[in-house]
Each structure stands twice: as C-alpha cells, then as structure tokens.
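Report on the structure
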Amino acid sequence: MAKVITKGFLYLFLIVVAASCLIPFYSMFITSTHANSDIARKLLLIPGDQFFDNYNRLKETVNIWRGFANTLFITVLSTIINVYFAALAGYGFSKYNFKYRNMLFLIVLGTMMIPGQLGIIGFFKLMDSLHMLNTYWPLILPSIHNAFGIFLMRQFVDSSVPTEIIESGRMDGYGELQIFNRIVLPIMSPALATLGIFAFIGKWNDFLTPMIILFDNNLQTLPVMIASLKSQFTSDFGAQYVGIVIAVVPVLVFFSFMSKRIIDGVAAGAVKG
C-alpha cells in the first residue's frame, strides 16, 4: 500500500511539473488570439477571435515569412556545420595522441567561461575589415567552433566508440576521414542529435548578432523582426505574440521529434565509463 501511495504522489508531482512547463506555451497561444486592449488589461485563460487580425497586422508591419525563411536557412546551415565540426574535433581529442592535447583541450573549455557579448565589438570590426557586414557569413562561419559541443563529443567518443573498430577500419584500407564519416559518425548519432537540438535552438533564437551585423530589413531574422514591432512609445502585443507563436512552433516540433535521441545522447555522453 505504501508503494502505491508513493507512486501516486510521484505521478502527481510529475503531472504538476509537466503542467507548469506547458503553462507558458498555453498562455502564449491564448494571448495571440486576443486584442491589444484585452492583453493589457485582463488575465486571459480562454481563446479569443483576434488571431487573424493580429496576424494581418503582423504581415503589414514586417515581412514575417521572409524572416522565417532567413532564420531557417541560417539555422539549418549553422547547425550542420556546428555538429559536424564539433564531432570531428571531439573525435580528434579523444582518439589521437598529439603534443599538448590536454592543454589545448583545456584552452577550448576555457573559452566557455568568456561571454560572447564581450567580443561583439571586436567581432564587428573584424567582419567590417573582411567586408562581411550585411551578409550571412558572420552568422554561419562562427558555428565551426563550439566548445561545449567539442566537450560533449569527446566524452561520448571516450565512452561509446571503441578504438578497436577504428583500427579495423584502418586495416581495411580506409583513410582517416573515411573512418570518421563512415564508421564513427553513425555511432555518434545520439550525441549528434543532442548537440543538434541545442545548436538549432541557440541559433534560431539568436538576436544580438543579426541585429548588429545585418542592416537590410529583407535579410533580418525572425527574432529581430518580432522585436521591431515594439517601438519607444507603443507595442502591438497581439502581433508580437503571433510572431512568437510562428517562431516557437518549429522549435517545439523539432524538439519533440528529437527528444528521445536527446535523452539517450545526454545519458551516454555525460557518463564516462
């Protein structure tokens, strides 16, 4: 009987936690269906009928679907580059013995302690000197380096990729990149999925860098376009919430699709043994 009561309290606790996580998303969707006056004055619990009016004002103010396409292009390309090169670097740190390996790995980890905002002025000047301002290159190329991704991939390779399978690939005449691409990458798929969702969400929600680097409104990303709906004196809350819904739905779908692999990847990559 005690076990049943304990299990019941545990399930009740999990339901409360799950509901608390879903409440912000529910509130976001509900708010997007109401007028600005209701959003500003009332506690909204049920859907309204103003969603399409808010959506039409959003389209009239910003080219929201152009921003969606821009963000999708940058995010997908950056995520692929991020995941591949983090996996390649993590594999190299794990399976290759070279001089100063541990020291270089510590330096890579040390970069995680430096906030990216500290280097934004130098980054802007560098991109200006390379004539890359108002292009997507400054948003995509930095994805080659990801200290957290390198750390995650090294831990995963240490625990889940046996050296014997690499040696057997060499004996079969595979080159080093062939071994990595054909043998190691498929084994690393849980960690790749984990890093992929983190990279996707981080780049999708990136606001500061596009705002500073991009000047053309047609090149801007979704977060910047949504933020532009708020002026110094007025805010179109209804249109903003519709934009937030458009921005959040792809992330929710992608996260739901990849959730099982994410959990498996975190468990396998975080435990070394």
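This one's a predicted model, so the numbers in the text were calculated from it and none came from an experiment. (Residues numbered from 1 in each chain as written. Predicted model: local features only at pLDDT ≥ 70, side-chain atom pairs only at ≥ 80, totals over all residues. Heavy atoms only, no water.)

**Topic: the nonpolar core**
- Within the largest apolar cluster, 24 residues are counted, with the highest numbers of intra-cluster contacts made by A87, Y91, M153, F180, V184, M188 and L192.
- For this core, the secondary structure elements donating two or more residues are α4 (64–95), α5 (101–110), α8 (147–160), α10 (176–187) and α11 (189–204).
- At six residues, α8 tops the list of elements feeding residues into this core.
- With residues up to four places along the chain from it excluded, the contact list for M153 reads A86, A87, G90, M188, A191, L192 and L195.
- I64, M225, I226 and I246 belong to the second-largest nonpolar core, a separate cluster that totals 16 residues. (Core = buried A, V, L, I, M, F, W, Y, C linked by side-chain atoms within 4.5 Å. Buried < 20%, exposed > 50% of the residue type's maximum accessible area, 1.4 Å probe, protein only. Helix = DSSP H or I, 4+ residues; strand = E, 2+ residues; numbered from the N terminus. Contact = heavy atoms within 4.5 Å.)

**Examining the packing of α8 against α11**
- The interhelical angle for the contact between α8 and α11, taken along N-to-C directions, is 165°, at an axis separation of 10 Å. Between α8 and α11, the interaxial angle falls into the category roughly antiparallel. When the axes of α8 and α11 are compared, the crossing they make is right-handed. Facing α8, whose interface residues are F148, G149, L152, M153 and F156, α11 presents P190, A191, L192, T194, L195 and F198.
- The residue makeup of the contact of α8 with α11, split by class, is nine nonpolar, two polar and no charged. (Axes fitted to C-alpha atoms, helices over the stretch in contact; angles between N-to-C directions. Parallel < 35°, antiparallel > 145°, perpendicular 65-115°, else oblique. Left-handed = near helix turned anticlockwise from the far one by under 90°. Nonpolar A, V, L, I, M, F, W, Y, C, P; charged D, E, K, R; others polar.)

**Examining the side chain of T31**
- Tracing the backbone through its elements, the reader meets T31 in helix α1 (residues 2–31).
- The class for T31 is buried, based on a relative accessible area of 7%.
- Ignoring anything within four residues of it in the chain, the contact list for T31 reads I39, L44 and Y241.

**Observations concerning α8**
- Along its 14 residues, α8 runs 20 Å from first to last C-alpha, staying within 8% of the 20 Å computed at 1.5 Å per residue.
- All of the buried residues in α8 are A147, G149, I150, L152, M153, R154, Q155, F156 and V157.
- With a side-chain oxygen positioned 3.2 Å from the backbone nitrogen of F148, the residue opening α8 is N146. (Expected span 1.5 Å × (residues − 1). Polar contact = N/O pair within 3.5 Å; in protein donor to acceptor, adjacent residues only side chain to side chain.)

**Focus: the environment of F198**
- With respect to the helices and strands, the residue F198 is situated in helix α11.
- Between the alpha carbons of F198 and E167 there is a distance of 32 Å; along the sequence they are 31 residues apart.

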